[in-house]
Amino acid sequence: MTLDAIGLEVMSQAFASIAEEMGLVLVHSALSPNIRERRDASAALFDADGEMIAQAAHIPVHLGALADAVAAVRQLDPAPGELFLLNDPYSGGSHLPDLTLIGAIDFDGAVGGYSVVRAHHSDVGGMTAGSMPAGARELYQEGLIIPPTRLTAELERVVLANVRTPDMRRGDLAAQRAAVERGADGLRALARRHGSTALREAARELLDYAERRTRARLQTMAVDAVATDFLEGDGVSGEDFEICVKIRIQDGTFHADFTGTSGAAPGNVNCPIAVTRSAVLFVVRTLLADDVPMNGGVSRAIRVTAPAGCLVNARPPSAVAAGNVETSQRIADTVFRALAAGGCVVPAQGQGTMNNVTFGGLREMGNGMRDTWTYYETIGGGQGASRGARGPSGVHVGMSNTRNTPIEVLELEHPLRVRTYALRAGSGGAGAWTGGDGVLREFEALAPMEATLLTERRRHGPAGNAGGGDGQPGINALNGETLPSKTTLRLAAGDILRIETPGGGGWGKGNTV
C-alpha cells in the first residue's frame, strides 16, 4: 500500500496512541512512587524486524536504547506470545535498575511485532539500597544482572530473592506485564481493522518516511566540528574525565565519532554504547520538525562510533549506574557544543545532570518486625536559554523527562521530611535571554538510613552560548558541610541533606529582555 500525507499521519498517531496507552496502564498500575508518581518508565512498539514503529513521549535515555534490547531478544528466536526480561547493560539494557520487559506479539501464530516497557525499579540488589552505589568498581556490585531471559515464575522468584523490596518489585513487574499485554492487544486490534499485511506495510512506510524527513533536514546542514566536555569524577577518583566528539553531517547522515574520549573509568560513570547512541539520537531529534514521526527511521540516518572499552563504549565488567543517568547527559551536552562550533544555532547548556538521590534503610514495624525501604529521586534544574527564549526553571533536562515525587507521597511512604522545596533564584546564566533557575531541595532524615548521590555540574557550571553567561554549579551539603558530587553516606535521625541543582546557561550578550 501507499499512504498519502493524511494516511501517514493517521497511522502514525494510531501506533503512537497504543504506546501512550501502554504507559498509562503502567503508571496507573505500579506500586512504587518512582514509577507511579515520577513516571520513570517508557513504552514503545516495534515491528517484527526489530525496528521501533512508535514510542510514547517518555524518557529519551530509555527510548533510544530499546532497539538494542529488542535485538538481543530476537537472537533467542522468540515464540509468539513469549515474554522476556532483561537489564544487562551489555545485552540490550542501560543500567541495572532499569528492568525491560519485552513481549513477542502473536499475530495468528507468528511474531507480528514487539511491545516493550522499560521501568526504573528503586532496588535490584547490589551493595547499597537503591542499586545506584557511588564508588562501585564492577557491575556485579550494582545489583542482580539479568541477561535476556524468558520470564517465568522461577525467574521472578530469583529476582525477588535478590532485592530489598520484593513486594513492591512484584507489583511493578505485574504492572509492566499488563502494559506489554495492552500493547499487544492494541496492535492486534489495528491488524483486525486494517489487515495484518496492510499494517506491516503502513509501519514500513512510516519508517521510510521518517528516514526521508530526517535525511532531508540533515542535507540542509554542513557541519564538521569537534568539541570536548568533562565529567566531574566517578565516585572513585575526583579527576575530570574527558568526552570528545567529532560531528560530521554529510550526505544526509549524522556521524558522531567519540575517538579521543577517556578510557574506562574506575567507577560507574561508564556508558554502554546503546546509551551513547540514545544521547546522540536525542540531539538529532531536536533538529527535526515536530511532525516528524519518532521511530526507527530517524535512527537510520545516524552513525555513532567510539573506541571499544572507552568511557562511552563500555565493556564488561565496568560499572555503569551513573553512565546511564549522568554520562548520557554530558554526551548530549558535548554533541550540542560541537554543533554550536559548527555554526548551528542551539540552546545554551542546561543543568546537565539528573541529580540522582537514593535513600534506604530498615523500618520498625512493631512486634520486633522490620522491613526494608528504598526511595529514588531525580531533581530538576535550569534549562539553557535559546535564541529568543529564556530557559525554563525547575525542569528535568536532556535525557530525563520524569516528574518529581510529590512531597505528600514522599513523606507518607518514607521516614523523610522535605524541609525546603523551591527555585534557586538567580542561578541561571545571564544574557540577552537568561538561563533557567535550578532547584533547592532539603531532606531531613527521620531515622537512620543510607543515602547515595550521583550528581554532576558541581565544579563546572553549564556553559552559556553566543556570549551568554554560565549557569551556577550545583551544591550538595550535609548539615552545612559540602559533599562530593558522587558519594554514599550514612544519615542519622535529624541530619539534613541539602541539594542545590545547577542553573542553565544564558544565551546572547546584553541585558535580559
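Our structure is the block above this text.
The present account deals with the structure reproduced in this document. (Residues numbered from 1 in each chain as written. Predicted model: local features only at pLDDT ≥ 70, side-chain atom pairs only at ≥ 80, totals over all residues. Heavy atoms only, no water.)

Once that is clear, we can look at the packing of aromatic side chains. Aromatic ring pairs are reported here in terms of the distance separating the ring centres and the angle at which the planes meet. Scanning all chains against the criterion turns up four aromatic pairs. Feature note: the residues F359, Y375 and F443 constitute an aromatic cluster, connected by ring pairs. Cation over ring: R441 sits above Y421, and NZ or CZ is 4.2 Å from the ring centre. (Phe/Tyr/Trp six-rings, centres within 6.5 Å; stacked < 30°, edge-to-face > 60°. Lys NZ or Arg CZ within 6 Å of the ring centre and 35° of its normal.)

If you walk across this open sheet you meet the five strands as β13-β14-β19-β16-β17, and the pairing is antiparallel. Each edge of the open sheet is held by one strand with a lone partner, namely β13 (416-424) and β17 (481-482). When strand β14 (residues 438-445) meets strand β19 (residues 496-500), the two strands line up antiparallel, connected through five bridges. Across the sheet, the residue bridging to R441 is I499, located in β19. (Pairing = 2+ DSSP bridges. Helix = DSSP H or I, 4+ residues; strand = E, 2+ residues; numbered from the N terminus.)

The omega angle of the peptide bond from P316 to P317 is 5°, so this bond is cis rather than trans. Here P317 is to be found in the loop between β10 (302-305) and α10 (321-341). The residue D251 is not glycine, and still its phi comes out positive at about 55°. With respect to the helices and strands, the residue D251 is situated in the loop between β8 (240-250) and β9 (253-257). Judged by relative accessible area, which is 63%, D251 ranks as exposed. Positive phi outside glycine occurs at R457, with the angle close to 55°. (Buried < 20%, exposed > 50% of the residue type's maximum accessible area, 1.4 Å probe, protein only.)

The sheet built from four strands is open, its strands ordered β7-β8-β9-β10 with mixed pairing. Either end of the sheet is taken by a strand with one partner, and the two such strands are β7 (223-232) and β10. Strand after strand, the sheet turns through a mean of 20° between neighbouring axes, direction not considered. Pairing between β8 and β9: five bridges, direction antiparallel. Across the sheet, residue R248 finds its bridge partner in β9, namely H255. (Axes fitted to C-alpha atoms, helices over the stretch in contact; angles between N-to-C directions.)

Between its first and last C-alpha, helix α8 (residues 273-287) extends 22 Å over 15 residues, near the 21 Å set by a 1.5 Å rise per residue. With respect to burial, α8 is a largely interior element, eleven of its 15 residues being buried. (Expected span 1.5 Å × (residues − 1).)

Attention shifts here to the nonpolar core. Among the nonpolar cores identified, the biggest contains 56 residues, and I247, F254, F258, V280, V335 and L339 are the most heavily contacted of them. Sorting the residues of this core by element identifies α7 (196-219), β7, β8, β9, α8, β10 and α10 as the ones contributing at least two each. Examining the composition of this core, we find that nine residues originate from one element, α10, more than from any other. Here I247 is in contact with V223, D224, A225, F254, H255, A256, V335, A338 and L339, once residues within four sequence places are set aside. Judged by nonpolar contacts, the second largest core, of 47 residues, contains I35, V117, A184 and L199. (Core = buried A, V, L, I, M, F, W, Y, C linked by side-chain atoms within 4.5 Å. Contact = heavy atoms within 4.5 Å.)

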